[in-house]
Amino acid sequence: MVGSVPCIDLREAGTKTANASRLIPVIDELKELGFLEYAAEQKRKNLPLIHAASYKGGIRSEGAFLTALNRTIRTVFPDDLDLISYSFRHHFRQMLSASNIGLELSNKVFWASWGRDI
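Conventions adopted
- Residues numbered from 1 in each chain as written.
- Predicted model: local features only at pLDDT ≥ 70, side-chain atom pairs only at ≥ 80, totals over all residues.
- Heavy atoms only, no water.
- Patch = residues over 30% accessible without salt bridge, like charges linked within 9 Å, V, L, I, M, F, W, Y side chains within 5 Å.
- Areas by Shrake-Rupley, 256 points an atom, 1.4 Å probe, with all protein chains shown as cover.
- Salt bridge = Lys/Arg side-chain N within 4 Å of Asp/Glu carboxyl O.
- Helix = DSSP H or I, 4+ residues; strand = E, 2+ residues; numbered from the N terminus.
- Buried < 20%, exposed > 50% of the residue type's maximum accessible area, 1.4 Å probe, protein only.
- pLDDT = per-residue confidence, 0-100.
- Contact = heavy atoms within 4.5 Å.
- Core = buried A, V, L, I, M, F, W, Y, C linked by side-chain atoms within 4.5 Å.

As recorded by an unreviewed UniProt entry, the chain carries the name Tyr recombinase domain-containing protein and is attributed to Bombella dulcis.

### Section: a nonpolar patch on the surface
A cluster of nonpolar residues, Ile-101, Leu-105 and Val-109, forms a patch on the protein surface that exposes about 210 Å² of accessible area. Mapped onto the fold, Leu-105 is located in helix 5 (residues 103–113). Accessibility expressed as a relative area gives 44% for Leu-105, which makes it partly exposed.

### Digging into the confidence of the model for the chain
In the predicted model, the chain carries a mean pLDDT of 75, and 75% of its residues have values of at least 70. Here helix 5 stands out as the element of the chain with the lowest mean pLDDT, 75, in contrast to helix 2 (residues 35–44), whose mean of 88 is the highest.

### What about the pattern of salt bridges?
With the rule as written, the count across this model stands at 3 salt bridges. Note that Lys-31 and Asp-28 form a salt bridge whose closest N and O atoms lie 3.5 Å from each other. Of this pair, Lys-31 and Asp-28 both sit in helix 1 (residues 28–32), 3 residues apart, which is roughly one turn of that helix. Lys-31 gets classed as partly exposed once you look at its relative accessible area, which sits at 31%. One network of salt bridges, with partners in common, ties together Glu-41, Arg-44 and Lys-45.

### A closer look at the environment of Leu-36
Relative to the assigned elements, Leu-36 resides in helix 2. A C-alpha to C-alpha distance of 8.5 Å links Leu-36 and Val-26, two positions 10 residues apart in sequence. Apart from residues no more than four positions distant in its own chain, Leu-36 is found in contact with Pro-6, Val-26 and Lys-31.

### Thoughts on unusual backbone geometry
Unusually for a residue other than glycine, Asn-46 sits at a positive phi of about 60°. Mapped onto the elements, Asn-46 comes out in the loop between helix 2 and helix 3 (62–76). Judged by relative accessible area, Asn-46 falls into the exposed class, the value being 70%. The phi dihedral of Asn-100 is positive, around 60°, even though this residue is not glycine. Mapped onto the secondary structure, Asn-100 falls in the loop between helix 4 (85–98) and helix 5. A relative accessible area of 70% means that Asn-100 is categorised as exposed.

### Some remarks on the nonpolar core
Val-26, Ile-27, Leu-30, Phe-35, Phe-92, Leu-96 and Phe-110 form the largest nonpolar core, which has 7 residues in total. Not counting chain neighbours up to four residues away, the residues in contact with Val-26 comprise Pro-6, Cys-7, Ile-8, Lys-31, Phe-35 and Leu-36.

This is the structure we're talking about:
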């Protein structure tokens, strides 16, 4: 949690680049779909948030993570073929733009969520 905002914590997940480590806010649509309950259940079972059963020892690369995430998305939303992992980033950017907070603040929020200063 950052204040009252639930976030996906990737601060220890990535080491590929300096920007791999970050907190990602959970958007309202994911909350409505039951993401927080899913995350709590995974934690209760001592399982990772995204589990790639095909990779022994867990996910070993960003590409493997995205492949596993896209497979999970396809399982949960089989009829929405346009929904992929990149959709989360794109949707977040669109929601910032639609919020009318201005480009400068929108960019600061967007890049801060990726662990970057602008």
